[in-house]
Amino acid sequence: MNASYSTDAQFIHPSILNADFMRIGEELDRIGTADSVHVDVMDNHFVPNLTFGPSMVEQIVERSPIPVDAHLMIADADRQAPVFAEAGASSVTFHAEAAAAPVRLARELRRKNTAAGIALRPATAVEPLLDVIGEFDMLLIMTVEPGFGGQSFLESMLAKVRRARAAISEANLQVSIQVDGGVSRETIERAAEAGANVFVAGSAIYRAQDAAAEISALRELAAAHSAH
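A brief look at the structure comes next. On a predicted model such as this, the values are computed, not experimentally measured, just so you know.

1. Some remarks on helix α5 (residues 157–170)
Along an α-helix, residues three or four positions apart point the same way, because every turn accommodates 3.6 residues. If you check α5, its first and last C-alpha atoms are 20 Å apart, about what 14 residues at 1.5 Å a residue would give, namely 20 Å. Looking at α5, one finds that the buried residues are M157, L158, K160, V161, A164, R165 and I168. Buried residues of α5 fall within an arc of 155° about the axis and therefore sit on the same side. Among the residues trailing α5, N172 stands out with phi positive, at a value near 55°.

Shown next, in the form of structure tokens:
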């Protein structure tokens, strides 16, 4: 299923990096009211952590009640990213720092009926991407250094979100902006005001007693402070 991200709506994508992997089926059901499940794929090379491969993503796709948003924190994205589209992810986001030909890769993912996202680490400038941003369905601006959950939100990334949203709006494009890292009730309002409309939250949702209530609260806060 190809993910569709309207820039007029707010999307909550819980990250299963904070889930109990021994009870992954139940943990997926807990977040069934979210818009997608965010699956962090790490190769212990691009980032110093190791998580899932394509076969695990395929199993999550089969079991999940909602679409799978795969975030690839892996090297050699040009060769590896299409494998995750074939595994059934509705959205595949790869890092600009790991792709030699990001536009070509985005077009290949779209041909596989998968939404194409491009991600930036905190120290990577967004400006070089803006001339080709229409080739992507989503821009992921990392609000922590990728690799581990539970980090603090980097307020300095909000300026990057604003610059990207201004350029996307000026070009009259339908490109979503996702933020990932430290998203909670305390930070989602500022991210929405800056122009983000897709929010990855891990600890905030999985540590909540009622995950569905937390998803609803985050969605309402984002909608109330949306830049649109």
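2. Let's talk about the sheet that holds strand β5 (residues 115–120)
Ordered by their spatial adjacency, eight strands build an open sheet running β1-β8-β7-β6-β5-β4-β3-β2, and the pairing between neighbours is parallel. Edge positions in the open sheet fall to β1 (11–14) and β2 (37–42), since each of these has one partner strand only. Averaged over neighbouring strand pairs, the angle between their axes works out to 25° when direction is ignored. Sheet topology places β2 next to strand β3 (residues 68–73); six bridges connect them, and they run parallel. Within β3, the position partnered with H38 by the bridge is D69. Against the sheet, helix α3 (residues 77–86) makes contact with β2, β3 and β4 (91–95), and its axis sits at roughly 165° relative to β4, the strand it touches most. Contacts between helix α4 (residues 102–111) and the sheet are confined to β4 and β5, with β4 contributing the most and set at about 165° to the helix.

3. Things to note about unusual backbone geometry
A positive phi angle, close to 55°, is found at D76, a residue other than glycine. The backbone phi angle of N172 is positive, close to 55°, even though this residue is not glycine. With respect to the helices, strands and loops of the structure, N172 is situated in the loop between α5 and β7 (176–180). You can call N172 exposed: its relative accessible area is 71%.

4. Overview of the nonpolar core
If you look at the biggest cluster of nonpolar residues, it comprises 67 residues, and the most contacted ones within it are I16, V39, L139 and F199. For this core, the element with the most residues is α5, which contributes five residues. When near neighbours in sequence (up to four residues on either side) are disregarded, L139 contacts I118, L120, V126, L129, I133, A164, V175, S176, I177 and Q178.

5. Some remarks on the pattern of salt bridges
Evaluated as defined, the whole model comprises 14 salt bridges. The partner of E127 in a salt bridge is R163, and the shortest N-O contact between them spans 2.7 Å. Taken together, the residues span a long stretch of sequence, with E127 in the loop between β5 and β6 (138–142) and R163 in helix α5 at a distance of 36 residues. With its nearest N and O atoms 2.5 Å apart, the salt bridge here joins E155 to R190. With E155 in the loop between β6 and α5 and R190 in helix α6 (residues 188–194), this residue pair connects regions lying 35 residues apart in the sequence. When its relative accessible area of 39% is taken as the criterion, E155 is described as partly exposed. Counted as one network, the salt bridges with shared partners bring together D20, R23, E26, E27 and R30.

6. Considerations on the environment of V179
As for its placement among the helices and strands, V179 is situated in strand β7. Distance in space between the C-alpha atoms of V179 and M157 is 9.2 Å, their sequence separation being 22 residues. In this view, V179 contacts L140, I141, T143, V161, A191, A196, V198, F199 and V200; residues no more than four positions away in its chain are not counted.

7. Some points on the pairing of β7
For β7, a buried count of five out of five residues is recorded, marking the element as mostly surrounded by other parts of the structure. Neither face of β7 is left uncovered, since the one carrying S176, Q178 and D180 and the one carrying I177 and V179 both have all their residues buried. Summarising the sheet, β6 and β7 pair through five bridges and their orientation is parallel. Considered in β7, the bridge of I141 is made with V179. Crossover handedness for the path β6 to α5 to β7: right-handed.

Definitions and cut-offs
Position labels on residues start from 1 in each chain and follow its written sequence. It should be noted that, the model being predicted, local features are given only for residues of pLDDT at least 70 and side-chain atom pairs only at 80 or more, the latter also being counted only at that level, while totals for whole chains, interfaces and linings use all residues. Note: side-chain values were computed over all heavy atoms of the structure, leaving out hydrogens and water. Runs of H or I in DSSP of at least four residues are treated as helices and runs of E of at least two as strands, each being numbered from the N terminus. What a helix should span is 1.5 Å times the count of its residues minus one. Exposed residues in this analysis have more than 50% of their type's maximum accessible area, buried residues have under 20%, and partly exposed residues fall in between, with area computed by a 1.4 Å probe over protein chains only. It is the directions from the helix axis to the C-beta atoms whose arc is reported. Strand pairing follows a simple DSSP-based rule, namely that at least 2 bridges must link the two strands. Only the contacting stretch of a helix is used when fitting its axis, a line to C-alpha atoms as for every element, and angles between N-to-C directions run 0 to 180 degrees. Should any heavy atoms of two residues lie within 4.5 Å, those residues are considered in contact. What we call a nonpolar core is a set of buried Ala, Val, Leu, Ile, Met, Phe, Trp, Tyr and Cys residues that are connected through their side-chain atoms within 4.5 Å. The rule for a salt bridge is simple: a side-chain nitrogen of Lys or Arg has to be within 4 Å of a carboxyl oxygen of Asp or Glu. A clockwise course of the path from the first strand over the helix to the second, judged with the strands pointing away from the viewer, identifies a crossover as right-handed.

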